[in-house]
Amino acid sequence: LQEPVFPHGPNVELVETTCTACHSARLVLQNRMSRERWDETLTWMQKKHNLPEFDTEDRMAILDYLSTHLAPEVYHSMDGLPPRRVNVLPSSYTY
């Protein structure tokens, strides 16, 4: 099964390199979250899974990309399959 590719756009290389250091592209691309939820997820990964801290510019660039291309209302076909899920953690989940 061929690994899907990140949608083209500003900062795609930064996001792809950052995310695929720990995850498959497929795992990242099947998620859809708001900018706020992506930000919370990055913070959670930093606290719980040793994701390195980003400088403000890189964090904003990553969030810009994710919230543009992997927002809940955005659909990208991966091998013809719809996105598998929107973030399943309730907004009341504490990190």
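Each remark here, short or long, concerns the structure printed above.
Residues numbered from 1 in each chain as written. Predicted model: local features only at pLDDT ≥ 70, side-chain atom pairs only at ≥ 80, totals over all residues. Heavy atoms only, no water.

A. Here's a closer look at the environment of Phe6. Inspection of the secondary structure assignment puts Phe6 in the segment before α1 (12-19). According to the relative accessible area criterion, Phe6 is buried, its value standing at 4%. Separated by 64 residues in the primary sequence, Phe6 and Leu70 have C-alpha atoms spaced 9.6 Å apart. If we skip the residues at most four places from it in the chain, Phe6 touches Val12, Val15, Glu16, Cys19, Thr20, Ala25, Val28, Leu29 and Tyr65. (Helix = DSSP H or I, 4+ residues; strand = E, 2+ residues; numbered from the N terminus. Buried < 20%, exposed > 50% of the residue type's maximum accessible area, 1.4 Å probe, protein only. Contact = heavy atoms within 4.5 Å.)

B. Summary view of the nonpolar core. The biggest cluster of nonpolar side chains holds 18 residues, and the ones touching the most others in it are Phe6, Val15, Leu42 and Leu66. Secondary structure elements with two or more residues in this core: α1, α2 (25-29), α3 (35-49) and α4 (56-69). It is α4 that contributes the most residues to this core, 4 residues altogether. Ignoring any residue separated from it by four or fewer positions in sequence, one finds Leu42 in contact with Leu51, Phe54, Arg59, Ile62 and Leu63. (Core = buried A, V, L, I, M, F, W, Y, C linked by side-chain atoms within 4.5 Å.)

C. Layout of unusual backbone geometry. One non-glycine residue, Asn11, adopts positive backbone phi at about 75°. For Asn11, the location among the structural elements is in the segment before α1. A positive phi is found at Asn50, a non-glycine position, where the angle reads about 60°. Take Asn50: it is sitting in the loop between α3 and α4.

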